[in-house]
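Structure assessment
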Amino acid sequence: MSNISDSAPRQRDGQPWRTTLAVMFMAQLLSGVGFSFVFPFFPFYFRQLGLQNDNEVFLWMGYTSLVFGVTMAISAPLWGLVADRYGRKIMVIRSMLAGAVVLGLMGLAANPWHILILRFLQGMTTGTVTASVTLVSSVTPAASLGFSLGLMQTGLLVGNAIGPFVGGILADHFGYRVPCGLAFIILALGTLLVAFGAKENFIPPSGREKNGFRTMGTILRTEGFLTVLVVYFMIY
């Protein structure tokens, strides 16, 4: 992917980047809440959808996790190339809106296959964390970059802490489908917040800069990059 400074000059002074950071912090928090609303009680939801025993539940949990992980691993670099060409903000909007739709549809699932298909679509179309962090890093001055990225991580962690607690209470009182509907509302609100609140001065690349696959090859050949990639893979 092309260098951020080449295609999206940073907003070095004034309020715009601070406003964008505040908006993206809230969007990241809402994203964390929305996604973690649903998944902690998925094993019980699978039981409601017709699975008969623990072995079947464990197997389907593995299937859905595998499908999501593989499809996201494939789609993430491709969405990154799209972001380099068309901007980061539109990628955040795309990922949050897709997450809202997918989670909302999960509340309408009639059997485990529906969940599997939706997890496939989730892996192919979401990726809110990466998209949000990329947008923030592209508009934040270098001197404030560490603080901004740390704040984004805080928003995600707080959202992930609140979501399972509140989602569990709602599922206990209203069933497993209601949190899916609320996750749709939360992520839709986050989408609107980014669409109307975040600012990005994106300048589309021109000429050779458009060849994202060539740039990706350069990144892969960068000394130390593959080592960091392997370490990151082992950690997660």
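Predicted, not measured: the structure shown is a model, and the values here were computed from it.

Each value, and the rule that gives it
Residues numbered from 1 in each chain as written. Predicted model: local features only at pLDDT ≥ 70, side-chain atom pairs only at ≥ 80, totals over all residues. Heavy atoms only, no water. Helix = DSSP H or I, 4+ residues; strand = E, 2+ residues; numbered from the N terminus. Buried < 20%, exposed > 50% of the residue type's maximum accessible area, 1.4 Å probe, protein only. Contact = heavy atoms within 4.5 Å. Areas by Shrake-Rupley, 256 points an atom, 1.4 Å probe, with all protein chains shown as cover. Expected span 1.5 Å × (residues − 1). Axes fitted to C-alpha atoms, helices over the stretch in contact; angles between N-to-C directions. Parallel < 35°, antiparallel > 145°, perpendicular 65-115°, else oblique. Left-handed = near helix turned anticlockwise from the far one by under 90°. Arc of directions from axis to C-beta. Polar contact = N/O pair within 3.5 Å; in protein donor to acceptor, adjacent residues only side chain to side chain. Phe/Tyr/Trp six-rings, centres within 6.5 Å; stacked < 30°, edge-to-face > 60°. Core = buried A, V, L, I, M, F, W, Y, C linked by side-chain atoms within 4.5 Å. pLDDT = per-residue confidence, 0-100. Nonpolar A, V, L, I, M, F, W, Y, C, P; charged D, E, K, R; others polar.

1. Regarding the overall build of the protein
Along the backbone of the protein there are 11 helices and zero strands. In the protein, which comprises 236 residues, the proportion classed as buried is 42%. Pairs at least 24 residues apart make up 86% of the contacts formed inside the protein by residues separated by at least 6 positions. On the protein, roughly 12,500 Å² of surface is accessible, and the fraction owed to carbon and sulfur atoms is 70%.

2. Looking at helix α7 (residues 128-139)
Helix length check: α7, at 12 residues, gives a terminal C-alpha distance of 17 Å against a target of 16 Å (1.5 Å per residue), a fit within 8%. All buried positions along α7 are accounted for by T128, A131, S132, L135, V136, S137, S138 and V139.

3. Let's talk about the environment of T130
For T130, the position within the fold is in helix α7. Judged by relative accessible area, which is 57%, T130 ranks as exposed.

4. Looking at the packing of helix α5 (residues 89-106) against helix α9 (residues 177-197)
Orientation of α5 relative to α9, taken along the N-to-C sense of each, is 165°, at an axis distance of 7 Å. One element, α5, and the other, α9, form an angle in the roughly antiparallel class. Every pair of crossing elements has a handedness; the one defined by α5 and α9 is left-handed. Counting all contacts with α5, which are made through K89, V92, I93, M96, L97, G99, A100, V101, L103, G104 and M106, the residues of α9 involved are C180, A183, F184, L187, A188, G190, T191, V194 and A195.

5. Looking at helix α6 (residues 112-125)
Under the 1.5 Å per step criterion, the end-to-end length of α6 is 20 Å for 14 residues, consistent within 8% with the ideal 20 Å. Turning to α6, its buried residues number three or more, namely P112, I115, L116, L118, R119, Q122 and G123. Down the axis of α6, the buried set is contained in an arc of 170°. They therefore lie on one face. On its buried side, α6 packs onto α2 (16-36), α3 (42-48), α4 (54-86) and α5. The backbone nitrogen of W113 has a side-chain oxygen 2.9 Å away, supplied by the residue at the start of α6, namely N111. Backbone geometry just downstream of α6 places G127 in the positive-phi region, at approximately 100°.

6. Let's talk about the packing of aromatic side chains
With the rule as written, the count across this model stands at nine aromatic pairs. Judged by centre distance (5.2 Å) and plane angle (25°), the rings of F41 and Y176 are stacked. Of this pair, F41 sits in the loop between α2 and α3 while Y176 is found in the loop between α8 (145-174) and α9, placing the two residues 135 residues apart along the sequence. Residue classification places Y176 among the partly exposed positions, given a relative accessible area of 23%. Geometrically, the ring pair formed by F42 and F46 is edge-to-face, given 5.9 Å between the ring centres and 75° between the ring planes.

7. As for the nonpolar core
By size, the foremost hydrophobic cluster in this structure holds 46 residues, and its most contacted members are M24, M106, I115 and V194. Sorting the residues of this core by element identifies α2, α3, α4, α5, α6, α7, α8 and α9 as the ones contributing at least two each. Excluding residues that lie within four positions of it along the chain, V194 makes contacts with V23, M24, A27, K89, V92, I93 and M96.

8. Brief notes about the confidence of the model for the protein
Looking at the protein, the pLDDT average stands at 87 and 86% of residues meet or exceed 70. The low-confidence segment residues 1-14, where pLDDT is below 50, has 43 contacts with residues more than four positions distant or belonging to other chains.

9. Notes on the packing of α4 against α6
In a packed pair of helices, the relevant descriptors are the angle between the two axes and the axis-to-axis distance. The N-to-C vectors of α4 and α6 enclose an angle of 20°; their axes lie 6 Å apart at closest approach. As summarised for this structure, α4 and α6 are arranged roughly parallel, according to the angle between their axes. Pair α4 / α6 crosses with right-handed handedness. Where α4 abuts α6, its residues W60, Y63, T64, S65, V67, F68, T71, M72, S75 and W79 lie against P112, W113, I115, L116, R119, F120, Q122, G123, M124 and T125. Split into classes, the residues belonging to the contact of α4 with α6 amount to 12 nonpolar, seven polar and one charged.

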